[in-house]
Structure formats: C-alpha cells, structure tokens
Amino acid sequence: MAALGTPLRTLRALLRELRHAAGRSYRDSPAYRHVLAAFRAHRVTSEKLCRAQQELHFQAATYLCLLRSVREHEALHREYHGRGERSPQEVAGLVGFRLPQQPGGKG
C-alpha cells in the first residue's frame, strides 16, 4: 500500500469492493452501514490534526486492500485450480506457450 489518497476515494473504492462481494443487495449489508457510519463520524473537523480521522482512513485503506486481494485470489483460484488431468496443450496454454507442430499432422 503506497499512498493512501483521499478519504473520499478510499470510501468509494471500499464501497465498490463491497458491491463486488455482496452483489446487488450490498446496501442492506451491515458492512455497508458500518463503513458509512464510521466515515460520517470521523469527518474532518476544524481541528488542525484529527488523528482519529487519519486512523480511520488507514484502517479503511487496509480493509480495501484485503477485499481486493481476496477477490483477485478467488479469480486466480477459479482459473488455475486443478480440474483433474489436463492435456499438454491446455497446460502449455495456461503458462503462455504453444506446443510445436509436428510434420505429418501429428500434434
């Protein structure tokens, strides 16, 4: 996680990941309500340094990283999970290779 960005960008990305995880009814989920309530409770105030708001932003960015990583892991798992024995052509295609063609139509 390099830079945090703005809290609004983090909130939008977090809600987008919740939508991917929960589907269409993501607004009814407790996670959605909790995230919005936490961001509303920790808005920037007139204080010079608002440590709680920065802490919330960091925790939200960390949770966003977790949700993205889980979603990407599931996608990779679906794509590369073993489905029994594969042919050499399928295995070569998975790693980006092509098998050479043999003369005479074999292979």
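My aim in this report is to walk through the structure given alongside it, one point at a time. Keep in mind that what you see is a predicted model, and the values were worked out from it rather than measured. (Residues numbered from 1 in each chain as written. Predicted model: local features only at pLDDT ≥ 70, side-chain atom pairs only at ≥ 80, totals over all residues. Heavy atoms only, no water.)

1. Overview of the overall build of the chain
Stated precisely, the cut-off is as follows: Counting from the N terminus, the helices are DSSP H or I runs at least four residues long and the strands are E runs at least two residues long. The cut-offs for exposure are 20% and 50% of the maximum accessible area for each residue type, with area from a 1.4 Å probe on protein chains only; residues under the lower value are buried, those over the upper are exposed, and the others partly exposed. We call two residues contacting when some pair of their heavy atoms lies within 4.5 Å. Method for areas: the Shrake-Rupley scheme with a 1.4 Å probe, in which residue coverage is limited to the protein chains shown.
Each helix and strand counted, the chain has 4 helices and 0 strands in total. Starting at the N terminus and ending at the C terminus, the chain contains elements arranged as α-α-α-α. Each of the 107 residues in the chain was classed as buried or not, and the buried ones make up 21%. The long-range share in the chain, meaning contacts at least 24 apart out of those at least 6 apart in sequence, stands at 52%. With the model as given, the accessible surface of the chain reaches about 8,900 Å², and the carbon-plus-sulfur share is 55%.

2. A few points about the packing of aromatic side chains
How two aromatic rings sit relative to each other is given by the distance of their centres and the angle of their planes. For clarity, the cut-off: In this scheme Phe, Tyr and Trp rings, the latter by its six-membered ring, pair at centre separations within 6.5 Å, and the angle between planes marks the pair as stacked below 30 degrees, edge-to-face above 60, and tilted otherwise. Ring-over charges, as used throughout, are those where CZ of Arg or NZ of Lys falls within 6 Å of the ring centre and within 35 degrees of the ring normal.
Summed over all chains, the structure comprises 1 aromatic pair. Measuring from ring centre to ring centre gives 5.4 Å for Tyr-26 and Tyr-32, while their planes differ by 90°; the resulting arrangement is edge-to-face. Judged by its relative accessible area of 10%, Tyr-26 is buried. Positioned above the aromatic ring of Tyr-26 is the side chain of Arg-19, whose terminal nitrogen or guanidinium carbon lies 5.6 Å from the ring centre.

3. Digging into the nonpolar core
Within soluble globular proteins, side chains that are nonpolar generally end up buried alongside one another. Stated precisely, the cut-off is as follows: Working definition of a nonpolar core: buried Ala, Val, Leu, Ile, Met, Phe, Trp, Tyr and Cys residues. They are joined through side-chain atoms within 4.5 Å.
Formed by 15 residues in total, the largest nonpolar core has its most connected members in Leu-11, Leu-14, Leu-15, Val-35 and Phe-39. Listed by contribution, the elements that provide at least two residues to this core are helix H1 (7–22), helix H2 (30–41) and helix H3 (51–80). For Val-35, the residues in contact, after removing those within four places along its chain, are Leu-11, Leu-14, Leu-15 and Leu-18.

4. Overview of the packing of H1 against H2
Just so we agree on the cut-off: Fitted lines through C-alpha atoms serve as axes, helices being fitted only where they are in contact, and the angles separating the N-to-C directions of these axes extend from 0 to 180 degrees. Comment on the angle field: the value is read as roughly parallel under 35 degrees, roughly antiparallel over 145, roughly perpendicular from 65 to 115, and oblique elsewhere.
Remark: H1 packs on H2, axes separated minimally by 10 Å, with the N-to-C direction vectors making an angle of 175°. Viewed along their axes, H1 and H2 adopt a mutual orientation that is roughly antiparallel. On H2, the residues that touch Pro-7, Leu-11, Leu-14, Leu-15 and Leu-18 of H1 are Ala-31, Tyr-32, Val-35, Leu-36 and Phe-39.

5. What about the pattern of salt bridges?
We apply this condition: The term salt bridge refers to a pairing of a side-chain nitrogen on Lys or Arg with a carboxyl oxygen on Asp or Glu at a separation within 4 Å.
Enumeration over the complete set of coordinates arrives at 2 salt bridges. Glu-17 is paired through a salt bridge with Arg-71; the nearest N and O atoms lie 2.8 Å apart. Of this pair, Glu-17 sits in helix H1 while Arg-71 sits in helix H3, and the two are 54 residues apart along the sequence.

6. Some thoughts on the side chain of His-57
In this fold, His-57 is placed in helix H3. Residue His-57 is classed as buried on the basis of its relative accessible area of 7%.

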